[in-house]
Amino acid sequence: MRSVMVQIPNTPTSADVARLAGVSRATVSYVLNDTDAVRISEPTRRRVHAAARELGYVPHAAARTLRAGHSRMVLMPAPAVSMGPLHHRFLGELQAALGRLDYTVVQHGALGQGDEAARAWAELRPVAVLAPGSGLGPHGVAVLKRAGARAVVTLGPARVEGAHALLMDHTVVGHRAGAHLYDRGRRRIGVILPEEPGLEFFSHPRLTGVRRALTGTDATVTGLPLAYTERAASELAARLPELNLDAVFAYNDEYAMLLMRALKDASLRVPQDIAVVGADDLMLGRLLRPRLSTVRLELPSGRELAELVDHAVRHPGAEPAVRTVLDATLIHRASS
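Heads up: these notes are all about the structure in this document. (Residues numbered from 1 in each chain as written. Predicted model: local features only at pLDDT ≥ 70, side-chain atom pairs only at ≥ 80, totals over all residues. Heavy atoms only, no water.)

## Digging into the pattern of salt bridges
Okay, so step 1: Applying the stated criterion across every chain yields a total of 13 salt bridges.
Okay, so step 2: Arg188 serves as the salt-bridge partner of Asp246, at 3.8 Å between the closest nitrogen and oxygen. Separated by 58 residues along the polypeptide, Asp246 in the loop between helix H10 (230-243) and strand S8 (247-249) and Arg188 in strand S6 (residues 188-194) bring together distant segments of the chain.
Okay, so step 3: Ionic pairing is found between Glu304 and Arg323, a salt bridge with its closest N-O pair at 2.9 Å. One end of the pair, Glu304, is in helix H13 (residues 302-314); the other, Arg323, is in strand S11 (residues 322-324), with 19 residues separating them in the sequence. (Salt bridge = Lys/Arg side-chain N within 4 Å of Asp/Glu carboxyl O. Helix = DSSP H or I, 4+ residues; strand = E, 2+ residues; numbered from the N terminus.)

## So, the environment of Val31
Okay, so step 1: With respect to the element layout, Val31 can be found in helix H2 (residues 25-32).
Okay, so step 2: Using a relative accessible area of 3% as the deciding quantity, one classes Val31 as buried.
Okay, so step 3: Beyond its immediate stretch of four places on either side in the chain, Val31 contacts Ile40, Arg45, Val48 and His49. (Buried < 20%, exposed > 50% of the residue type's maximum accessible area, 1.4 Å probe, protein only. Contact = heavy atoms within 4.5 Å.)

## Considerations on the packing of helix H1 (residues 14-21) against helix H3 (residues 42-55)
Okay, so step 1: Packing of H1 against H3 brings their axes to within 9 Å, and their N-to-C directions diverge by 125 degrees. Regarding the angle of H1 to H3, the classification is oblique. Regarding H1 and H3, the two cross each other, and that crossing is right-handed. Residues Asp16, Val17, Leu20 and Ala21 of H1 pack against Arg47, Val48, Ala51, Ala52, Glu54 and Leu55 of H3.
Okay, so step 2: Among the residues making up the contact of H1 with H3, the classes are represented as seven nonpolar, no polar and three charged. (Axes fitted to C-alpha atoms, helices over the stretch in contact; angles between N-to-C directions. Parallel < 35°, antiparallel > 145°, perpendicular 65-115°, else oblique. Left-handed = near helix turned anticlockwise from the far one by under 90°. Nonpolar A, V, L, I, M, F, W, Y, C, P; charged D, E, K, R; others polar.)

## A short note on the nonpolar core
Okay, so step 1: Grouped together as the largest cluster of nonpolar side chains are 44 residues, with contacts concentrated most on Val74, Leu98, Leu130, Val173 and Phe249.
Okay, so step 2: In terms of residue count, H13 provides more of this core than any other element does, six residues in total.
Okay, so step 3: Once you skip the residues sitting within four places of it in the chain, Leu130 turns out to touch Val74, Leu75, Met76, Pro77, Leu94, Leu98, Val153, Leu155 and Val309.
Okay, so step 4: Core analysis: the second largest hydrophobic core is formed by 28 residues, Leu224, Tyr251, Tyr255 and Val276 among them. (Core = buried A, V, L, I, M, F, W, Y, C linked by side-chain atoms within 4.5 Å.)

Following this line, the structure appears as structure tokens:
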């Protein structure tokens, strides 16, 4: 029986990179680990990176974590519910920007929320954690920091002790919609409350925003629970005449489009009988007839927030930063 010798290529090492770049192994380590403690010239850095690319060398993440006490991993808990196209695009831009700063972004789907989930996140030894609406508390922040996280950043309506805060208070979205409908002469306003579990994180503040906009006026506000199905929308449309509403803020554009179809089937005219406003400014809403009025959410670029995370990682002892990152603008079209 003939045997065939198969040569398995050796895995490139940092020593191979050092020989090709004409530098020491220590210099390779300093460059590829982005160490600030040693000054390395820019031409040398470029030469080391070029040699690593040519050889296909990738630093050993576990070994680097052991040396540094943390990784280059930024952990983002996976949302338990759909956050909509706008938020997904925002988080995608942030992830790409962090990648350009040499961080590895990992989405984590651990069971549980808040401080309970923080223990599972800590096991991965991330250098930073971005926790959007997770219910993370001061204890969870402390657990992450003890595990080596140099920055914990929350995205939500309020700050958490010990963490950097990117404030995203959705009351402003409802406030813009309520003020617009009142200015358009509407006085009996319904607000859609999606029945999907988890969306109350967004829908309840938006309802609060509508109520705040109409405080002290002669307008009334009615919460309208709604499942995201054609049948539920048809049943709601059939009830609207008895509810005597003249406008609906439909939570977002997707719910607005679902409702507008049901209103048409029920022979209710938009905006003559019922004005409708959505949120997120999706392209499809501009293609409807009548075109959908909406609240456009204004978020900072992913690059800006990636730089904030990077600064927090590089200066772990700094006072936690607090920054408001959500604003909104009403876009008036034909549906209101």
